[in-house]
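Listed below are the residues making up each chain.
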Amino acid sequence: MNTLKFAAAGAVALLFSAQAEARDLVIYNASENVSNALTAAFSAKYPDIKLQVVSGSTGPIAERAIAEMGNPQADLVYLVNSDALEQLKNAGAFEPYKAAGTDIRDSFRDPDNFYTRYFATTMCMVVNRDRLAEKHLPMPTTWEDLIKPVYKKEISLPSPMKSGTGGAILTTFVDAFGWPFVENLNENVYQYSDGGSGGAQLAGTGEVTIGLSYDTTCYATKSAGRPVDIVFGRITPNTSEGGGLLAGAPHPEEAKLFLDFMASKDAAEVLGKLVGATAVPGYGLVDLDQVSTWTMRRPVNMDDFRKEFSARFLNGG
């Protein structure tokens, strides 16, 4: 009789052990600063799910998920950029899953439901009003204005060699206007900054009239009391980040709960304090209905782009 009791107790223990294991969730993440707030909010909502986050930069994260295809060690990849999402989809690392809920914009969902994008970073100008008046310069309203000779050496923007923001801005300009536009813009550039916020900082302090940067830095410069206006050009360079379910995920149900959460207003409320524009309308600094985001017409190989940029502008080309 005691043997039977012990056997029954052992079976129950095994059952609970299996259930506990089923509530694990492993995530590959490429944006640690943003991820921390999101995973904390998810864990508060689902305290029974043991969450493990493996962080790294976008390239290695995507390559790791692809290398592990057939034996995935994580359940989902998230907060990687659109290029990486397409790379994962095309490699077969993702399996389709349409996150529940109708709050998120349809334009942020992959048409085949292999991934969902959660937020966009939009690029804008910071224009120093005091220097503009001092130099008797017109207020720019479009990106095309920036190649006018009147702005010679009055512009700063991030270098695409060192900054993803600079890469997003300049690849958009090449895609929309061609290399001659960038050649003309280069004539007006006072400095290419190492980081994405450098252009906004120089405009904020009045060292240049116009600084190009990403939305949160532009708004932070204005909020700091600098005499600046924020201008979105006729088109808006942008990047976006999202995630998807890995094919053969060890814990697919938990992963789907996380993906549902990421497409919800709960996640958008968290993201809205950290990013420029969320996929769920009504959160963040930028109203995507009020700007015209540019959709790239052709894919970009950043290594090739940097080589071309360097040859044209940094090596006496």
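Just above, that's the structure.
Calculation criteria
- Residues numbered from 1 in each chain as written.
- Predicted model: local features only at pLDDT ≥ 70, side-chain atom pairs only at ≥ 80, totals over all residues.
- Heavy atoms only, no water.
- Helix = DSSP H or I, 4+ residues; strand = E, 2+ residues; numbered from the N terminus.
- Buried < 20%, exposed > 50% of the residue type's maximum accessible area, 1.4 Å probe, protein only.
- Contact = heavy atoms within 4.5 Å.
- Areas by Shrake-Rupley, 256 points an atom, 1.4 Å probe, with all protein chains shown as cover.
- Lys, Arg positive; Asp, Glu negative; His and termini not counted.
- Charge placed at Lys NZ, Arg CZ, Asp CG, Glu CD.
- Polar contact = N/O pair within 3.5 Å; in protein donor to acceptor, adjacent residues only side chain to side chain.
- Axes fitted to C-alpha atoms, helices over the stretch in contact; angles between N-to-C directions.
- Parallel < 35°, antiparallel > 145°, perpendicular 65-115°, else oblique.
- Nonpolar A, V, L, I, M, F, W, Y, C, P; charged D, E, K, R; others polar.
- Expected span 1.5 Å × (residues − 1).
- Core = buried A, V, L, I, M, F, W, Y, C linked by side-chain atoms within 4.5 Å.
- Salt bridge = Lys/Arg side-chain N within 4 Å of Asp/Glu carboxyl O.
- Arc of directions from axis to C-beta.

## Overview of the overall build of the protein
The secondary structure content of the protein amounts to 12 helices and 10 strands. Counting across all 317 residues of the protein, residues that qualify as buried make up 48%. At a minimum sequence separation of 6, the contacts of the protein that also span at least 24 residues come to 74%. Counting every atom, the protein has about 14900 Å² of accessible surface; 51% of that belongs to carbon and sulfur. Averaging the positions of the 28 positive and the 37 negative side-chain charges in the protein gives two centres separated by 3 Å.

## Observations concerning the side chain of Asn128
Along the polypeptide, Asn128 turns up in strand β4 (residues 116–128). Only 2.9 Å separates the side chain of Asn128 from the backbone nitrogen of Arg131, close enough to count as a polar contact. Apart from residues no more than four positions distant in its own chain, Asn128 is found in contact with Ala203, Gly204, Thr205, Gly206, Val208, Thr209, Pro227 and Val228.

## Examining the packing of helix α6 (residues 164–177) against helix α7 (residues 179–187)
Viewed as axis vectors pointing N to C, α6 and α7 meet at an angle of 130°, and their least axial separation amounts to 7 Å. By the angle between their axes, α6 is oblique relative to α7. Contact residues: α6 offers Leu170, Phe173, Val174 and Phe177, while α7 offers Trp179, Phe181, Val182 and Leu185. Across the contact of α6 with α7, the residue classes tally to 8 nonpolar, no polar and no charged.

## Comments concerning α6
Relative to the 20 Å expected for 14 residues at 1.5 Å per residue, α6 spans 19 Å between its end C-alpha atoms, a close match to the ideal helical length. Summarising burial for α6: 11 of the 14 residues are buried, a large majority. When α6 is considered as a whole, its buried residues turn out to be Thr165, Gly166, Gly167, Ala168, Ile169, Leu170, Thr171, Thr172, Phe173, Val174 and Asp175. Turning to α6, the residues buried within the fold contact β4, β5 (155–158), α7, β7 (210–214), β9 (238–245) and α12 (302–314). The opening residue of α6 is Ser163, an N-cap whose side-chain oxygen sits 3.1 Å from the backbone nitrogen of Thr165. Where α6 terminates, the next one or two residues include Gly178, which has phi positive at roughly 95°.

## With respect to the nonpolar core
Ranked by internal contacts, the top residues of the largest apolar core, which has 27 residues, are Phe173 and Leu212. At the level of secondary structure, the elements contributing two or more residues to this core comprise β4, β5, α6, α7, β7 and α12. For this core, the element with the most residues is α6, which contributes 5 residues. One finds Val34, Phe119, Leu259 and Leu271 within the second-largest nonpolar core, a separate group that totals 23 residues.

## A look at the pattern of salt bridges
With the rule as written, the count across this model stands at 18 salt bridges. In this structure, Arg234 engages Glu144 in a salt bridge whose closest nitrogen and oxygen atoms are separated by 2.6 Å. Pair noted here: Arg234 is in the loop between β8 (228–231) and β9 and Glu144 is in the loop between α5 (129–134) and β5, with a separation of 90 residues, a long-range link. Overall, the relative accessible area of 26% leaves Glu144 in the partly exposed class. Three or more residues are tied together by salt bridges with common partners; here these are Arg23, Asp48 and Glu254.

## Quick word on helix α2 (residues 32–45)
With 14 residues, α2 extends 20 Å from end C-alpha to end C-alpha; this agrees with the ideal 20 Å at 1.5 Å per step. Along α2, the residues classified as buried are Val34, Ser35, Leu38, Thr39 and Phe42. Buried residues of α2, seen end-on, are gathered within an arc of 115° and therefore sit on one face of the element. Summarising the geometry of α2, the exposed residues directed more than 90 degrees from the buried face are Asn33 and Ala44. The inward-facing, buried residues of α2 contact β1 (24–29), β2 (50–55), β3 (76–81), β4, α10 (252–262) and α11 (265–271).

What is shown is where atoms sit, not what they do.
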